[in-house]
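Given next are the chains, with one letter for each unit.
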Amino acid sequence: MELDNCPRCGKLFAKNFRELCPACIKDVDREYTECAEYLRKNKGATIHELSDATNVSIKQITKFIREGRISLVGAPNLGYPCEVCGIPIREGNLCGNCRSRLQHDIGQAQGKLAKDTEGTASAVYRIMDRLRDRS
């Protein structure tokens, strides 16, 4: 039996598949039930309204959405924050603007790396040529 500290409350517990202590598992399940019931009655709620009404953190609600426990299909105004800028999104981890910026930055980094690698390779060839000329 492997023991671990609960990441939510810090108590020592026997590790299980949910990686939370039994008390926190009950709390999370209760929070999910509160969120699900609120959304059944308030289909147009935003994540902030849901959080305020249920006292469940936005982080936990986001986790419910990502785990598939809360569906966005019947909740037109429900979204969760982009991991970079925080604007509401309905899929993935990044909004379109942040995703585009990241792709642009990756492209620039790859171009710079290719240029640097090319320069390094030609410098190595020049050194090898000089060494051959000396022999």
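Look up a bit, the structure's there.
Everything quoted here is computed from the prediction, not taken from an experiment.

### So, the packing of aromatic side chains
In step 1: Going through the model one piece at a time under the given rule, you end up with one aromatic pair.
In step 2: Centroid distance tyrosine 32 to phenylalanine 64: 5.6 Å. Interplanar angle 75°. Geometry classified as edge-to-face. Within this pair, whereas tyrosine 32 is found in helix α1 (residues 22-41), its partner phenylalanine 64 is found in helix α3 (residues 58-67), the two being separated by 32 residues in sequence.
In step 3: With relative accessibility at 23%, the residue tyrosine 32 sits in the partly exposed group.
In step 4: Sitting above the plane of the tyrosine 32 ring, arginine 69 keeps its charged end 4.5 Å from the centroid.

### Quick look at the packing of helix α2 (residues 47-54) against α3
In step 1: Remark: α2 packs on α3, axes separated minimally by 9 Å, with the N-to-C direction vectors making an angle of 115°. For the pair α2 and α3, the crossing hand works out as right-handed. Only Ile58, Ile61 and Thr62 of α3 make contact with α2, whose side of the interface consists of Ile47, His48, Leu50 and Ser51.
In step 2: Residue classes in the contact of α2 with α3 are distributed as four nonpolar, three polar and no charged.

### As for α1
In step 1: The end-to-end C-alpha distance of α1, which contains 20 residues, comes to 29 Å, matching closely the 28 Å that a straight helix rising 1.5 Å per residue would cover.
In step 2: Regarding α1, the residues found buried are Cys24, Ile25, Val28, Glu31, Cys35, Ala36 and Leu39. Take α1 and look down its axis: the buried residues cluster within an arc of 130°, on one side only. Residues of α1 that are exposed and angled more than 90 degrees away from the buried face: Pro22, Lys26, Arg40 and Lys41.
In step 3: At its buried positions, α1 is contacted by α2 and α3.

### Some points on the layout of surface pockets
In step 1: Looking at the largest pocket, its volume works out to about 350 Å³.
In step 2: Lining the largest pocket are 13 residues, with Arg8, Leu20, Val28, Gln60 and Lys63 positioned closest to its centre.
In step 3: Secondary structure elements with two or more residues in the lining of the largest pocket: α1 and α3.
In step 4: Classifying every residue of the lining of the largest pocket gives three nonpolar, two polar and eight charged.
In step 5: Reported here for the second largest pocket is a volume of approximately 200 Å³.
In step 6: Along the walls of the second largest pocket sit Tyr32, Ala36, Leu39, Arg40, Lys43, Arg69, Ile70, Ser71, Gly74 and Ala75, which together make up its complete lining.
In step 7: Across the lining of the second largest pocket, the residue classes tally to five nonpolar, two polar and three charged.

### A short note on the environment of asparagine 97
In step 1: By the element assignment, asparagine 97 lies in helix α4 (residues 96-134).
In step 2: In this structure the C-alpha to C-alpha distance between asparagine 97 and leucine 78, which are 19 residues apart in sequence, comes to 19 Å.

### Points about unusual backbone geometry
In step 1: The phi torsion at glutamate 19 lies on the positive side, around 60°, for a residue other than glycine.
In step 2: Among the secondary structure elements, glutamate 19 is positioned in the loop between β2 (12-14) and α1.
In step 3: A positive phi angle is found at asparagine 55, which is not glycine, with a value near 60°.
In step 4: When you line up the elements, asparagine 55 lands in the loop between α2 and α3.

Calculation rules
Residues numbered from 1 in each chain as written. Predicted model: local features only at pLDDT ≥ 70, side-chain atom pairs only at ≥ 80, totals over all residues. Heavy atoms only, no water. Phe/Tyr/Trp six-rings, centres within 6.5 Å; stacked < 30°, edge-to-face > 60°. Helix = DSSP H or I, 4+ residues; strand = E, 2+ residues; numbered from the N terminus. Buried < 20%, exposed > 50% of the residue type's maximum accessible area, 1.4 Å probe, protein only. Lys NZ or Arg CZ within 6 Å of the ring centre and 35° of its normal. Axes fitted to C-alpha atoms, helices over the stretch in contact; angles between N-to-C directions. Left-handed = near helix turned anticlockwise from the far one by under 90°. Contact = heavy atoms within 4.5 Å. Nonpolar A, V, L, I, M, F, W, Y, C, P; charged D, E, K, R; others polar. Expected span 1.5 Å × (residues − 1). Arc of directions from axis to C-beta. 1 Å grid on protein atoms, 1.4 Å probe; cavity = no way out; pocket = protein on both sides within 12 Å on 5 of 7 lines; lining within 4 Å. Points joined across faces, edges and corners; volume = space filled by probe spheres on them.

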